[in-house]
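# Structural characterization, general
What follows is the residue order along each chain.
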Amino acid sequence: LGRLGYNNVTVYEKSESPGGLSAYEIPQFRCHHDGVRWEVRLCEDLGVKFQCNSELGKDLTVAGLKESHAAVFLGMGMYKPKKARCFEGFGPEHGVWTSKEFLPAVSEASKAGCASKSKKLPALSGHVVVFGAGDTAFDCIGSAFRCGAQRVTCVFRKSFTDMRAVFEERELAIRECTDFLSNFGPSKVNVDASGKVESLELIFQDQEDEDCHHKVVGKYQTSSSKRILPCTTIITAFGCEVSAEMRAHLSPMTFDDSGFAVISDKYNCPDAPWLFAGGDLAGATMTVEAANDGKIAAWYMHEHIQQTFKIAVAPEPQLPLFRTPIDDVDISITMAGVKFPNPFGLASAPCSTTAAMIRRAFEAGWGFAVTKTFALDEHLVTNVSPRIVRGTYGNSYGPHQPGYINIELITEKTAAYWLKSIHELKRDFPDRVIVASVMVGYDKSEWYKICKLSVDAGADMIEVNLSCPHGMGEAGMGLACGQDPAIVEEITRWCKDASVTSDGRKIPVFMKLSNAVTEIAIIAQAVKRGGADGVTIMNTMPGMMDFDPKGEGWPKVGSNKLFTSGGIAGDVNRPLATRAIWSVQRFAPGLAIMATGGISSAQSMVQMLHAGASVGQICSAIQSQDYTIVQDYITGLQSYLYRLGRGDFEGKQFQNCWESSRPWRGGLDERFVDEPEPVKKLPRFGKYLHKRVVERKTQVANMDVQQVRPAQHAPMPSVAPIEDMFEIPPLASIIQKTSKSFAGLHGDLNREEQVIAVVNPESCINCGRCYMTCNDNAYQAISFDDDTHVPEIIEDKCTGCGLCQAVCPVPGCIEYRKMPHKFLPHRGLNVPNDRYMQDGVSLARKAGGAEDNLSHIPKVA
């Protein structure tokens, strides 16, 4: 409602602070209270008011709220716990708790923000029985362990297949050594002389035979089989309901036979259109469902209020998006005199097969599009099928798939189609950039013709495709023209001369290059001599799919099952593309660069910009998902610039793209030395995992839980939004940051400041991969305990090669620290004149140097 523009919204909360179930019942180890505070802060920033200590039925009535409010939403949930008959008359003083008593007691003594100084954690001990198998029951299980229980048994009347709790909850309980007893219900509570619980009688409840294999949730019948379970505490989590008293306070809202509020598909009461409800009250079973109820109800509250003023709203909910100052960050950029609203564009690829597809991409938010490469009609092609297949480098599918191989040719559509499309797209999306991708053979007149037609159609830029790695080269086009510097220079000059509008305005020309050459910078130098404005780096790399056991390749085309070399695309190309961009920037400076090849996130776009590109073309990431990914990329890039301006990265160290806990240069981080608690050095498998759990339970059992202090809040000092406190850098400021400051030739690298590896035992999963790879591929610098599987770095042998970190499956588990001694390379045999040891020479360069030229690279004939 706040985002919709309403500035007089009040939340009435019966407790001392907002948050509801997320604050007062879901325990800290599952839902950190700072997250709740953050949500509340977002509302406060929108002007929403919170009036606490206001309880419905005591301080408020629904009828009274109607008198002073245009609409009312009921989202208080259900607070009367359901109880089995055998538990009537018992309470916490006897050792019998309901979840509505136990979880708030835990939160009020342990969660910052809702904790009271007078509250103490429930002091549990011995054997605790938790009844129920929903998420709330598992919250009780985890909290019971943390309140001193030595053993916790989860008892539920259904079978494991009917258990309601999500998989993650069950797994956590199993790891904490929870016992499970299914198909039992409570029958009788037995107490000792002081009235405290000492055992519980259970009765077996079996699933009806004819029902076992036909329904997800079965029916159960009580048997005569009983069991007595000794215990010291019982916690019940049988669900909740709305009491008869509360139902009276909620009038005119009515309830169905299941106890849920009767509401329409617009979330309001049929007899009182101003009264809305959602969440537990309306049957939601999860927090995300309750949150969605609130959002959808907000739209229909908006509709109801506007109708009272005879103002129509859209029939379908159109909820405003979350908005912060990050959304106002400008990520536009000007390249070769052309302004791009954002640097994310469609590559000349399957994602730009038709004008209609490009239109949808623009509507989704893409900043520019390169048409599917088109030629003159005498060069029309016909594709084969299948022609696009997933790469064989890995077993990831969908959004995490690293790449593809394709044998698709250029467009099958005519030049006339694309010329008309360019005109219409530019007319309808004047702020978006249209790049015409063109290709013909080594013929001056054809290049003149196709470039002139594209310019007259209204293209903002021309991309000359000299790099298609498959098919087109057989016709004398694509890579057939892009591997010879002399031919590239000549075609560049022809296209540049032809790309002039009728009023004399020069249209930027970019040559799309391939990395399938001896050195791409040599081709880029030819492009520069030809007068082009920039280059696109890079096209797909030639490659073949794996062969099957019969020797047949894929994709198989036709009955003879032939296949051919195709273009490798996706994330696997990113290291090649960034290196190529760096090389062109260093050895052919002055050319603007459009990057393509492995951009699949805002982070990878930043890498391309740091290398020296100005914008990026994307295809494989769209193939793995759809056009909507651009919104993630836009927000990610805006967030990066915002955080850069705010100084978030100052003073931070990164190793392998994750934030490091240790300084790159400097001494050993004390956090990883001689852990004071022996349990932290125990591995996490087999008997050791069990021992870790037992040791932790023993530690909690020996702790005085009454002395446990509430968790502390993360700093959140000011409610006022940040205004004009820092300058956000323009996107252009990060271009070439890596190339200028951090990338060099191998001979430039420092040999004096060496590092060695260090293992973080808190993160190690004892898989042994570091030991295996070091033993058989590096320096035998890691020892591996045969029993505990704990790896240890042998400092005298470690050379800091990095292979252990490269194979480690846990980010941040293996990092580096400064080598404590001078690095002495092992030569195998004594060397009379060791250049490095005597003169510090590590890599001898050619006489005259080769830092800023390509004389050391053989040129293409």
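The shown structure was predicted, so the numbers you read here are calculated from the model rather than taken from an experiment. (Residues numbered from 1 in each chain as written. Predicted model: local features only at pLDDT ≥ 70, side-chain atom pairs only at ≥ 80, totals over all residues. Heavy atoms only, no water.)

## Looking at the nonpolar core
Formed by 100 residues in total, the largest nonpolar core has its most connected members in F344, W366, W447, I462, V464 and I491. Ranked by residues supplied to this core, first place goes to helix α18 (residues 629-646) with eight residues. Within the second largest apolar cluster, 27 residues are counted, among which are L121, F138, M163 and A237. (Core = buried A, V, L, I, M, F, W, Y, C linked by side-chain atoms within 4.5 Å. Buried < 20%, exposed > 50% of the residue type's maximum accessible area, 1.4 Å probe, protein only. Helix = DSSP H or I, 4+ residues; strand = E, 2+ residues; numbered from the N terminus.)

## A few points about helix α11 (residues 444-457)
Compared with an ideal rise of 1.5 Å per residue, which puts 14 residues at 20 Å, α11 spans 20 Å between its outermost C-alpha atoms and is within 8% of the ideal. Regarding α11, the residues found buried are E446, W447, I450, C451, S454, V455 and A457. Along the axis of α11, the buried residues cluster in a sector spanning 165°; they form a single face. Contacts made by the buried residues of α11 are with α10 (415-428), β22 (433-438), β23 (461-465) and α13 (485-498). One or two steps after α11, the chain reaches G458, where phi turns positive at roughly 110°. (Expected span 1.5 Å × (residues − 1). Arc of directions from axis to C-beta. Contact = heavy atoms within 4.5 Å.)

## Topic: empty space enclosed by the protein
Following the criterion strictly, the structure yields three cavities of 30 Å³ or more and no others. Empty space within the largest cavity amounts to approximately 110 Å³. What lines the largest cavity is a set of 14 residues, among which C774, A781, C798, C801 and C804 lie closest to the centre. By residue class, the composition of the lining of the largest cavity is eleven nonpolar, three polar and no charged. In this structure, the second largest cavity encloses a volume near 80 Å³. Every residue lining the second largest cavity is counted, 13 residues in all, and those nearest its centre are C764, C767, C770, C808 and C813. Class assignment for the residues of the lining of the second largest cavity results in eleven nonpolar, two polar and no charged. (1 Å grid on protein atoms, 1.4 Å probe; cavity = no way out; pocket = protein on both sides within 12 Å on 5 of 7 lines; lining within 4 Å. Points joined across faces, edges and corners; volume = space filled by probe spheres on them. Nonpolar A, V, L, I, M, F, W, Y, C, P; charged D, E, K, R; others polar.)

## Observations concerning the state of the cysteines
Overall, the coordinates contain zero disulfides when judged by the stated rule. As a non-bridged cysteine, C798 has C804 as the owner of its nearest cysteine sulfur, 6.3 Å distant. (Disulfide = S-S within 2.5 Å.)

## A word on the side chain of N406
Looking at the element boundaries, N406 is found in strand β21 (residues 403-406). Taking relative accessible area as the criterion, N406 reaches 17% and is therefore assigned buried. Of the polar contacts made by the side chain of N406, one reaches the backbone nitrogen of E408; its length is 2.9 Å. Beyond its immediate stretch of four places on either side in the chain, N406 contacts R387, I388, H470, T540, G566 and G567. (Polar contact = N/O pair within 3.5 Å; in protein donor to acceptor, adjacent residues only side chain to side chain.)

## Here's the deal with the confidence of the model for the protein chain
Here the protein chain averages 89 in pLDDT, and 90% of its residues register 70 or above. Across residues 211-216, where pLDDT falls below 50, the model places six contacts with residues more than four positions away in sequence or in other chains. Contacts from residues 663-676, a stretch scored under 50 in pLDDT, to residues over four places away or in other chains number 25 contacts. (pLDDT = per-residue confidence, 0-100.)

## Side note on the sheet that holds β21
Sheet strands line up and pair through hydrogen bonds in the backbone, either parallel or antiparallel. Read from one edge of the open sheet, four strands run β20-β21-β27-β26, paired in antiparallel fashion. Either end of the sheet is taken by a strand with one partner, and the two such strands are β20 (388-390) and β26 (541-543). Across the sheet, the mean angle from the axis of one strand to that of its neighbour is 35°, orientation sign disregarded. Bridge count for β21 against strand β27 (residues 566-570) is four bridges, and the pairing is antiparallel. In the sheet register, I405 faces β27, and the bridge partner there is I568. (Pairing = 2+ DSSP bridges. Axes fitted to C-alpha atoms, helices over the stretch in contact; angles between N-to-C directions.)

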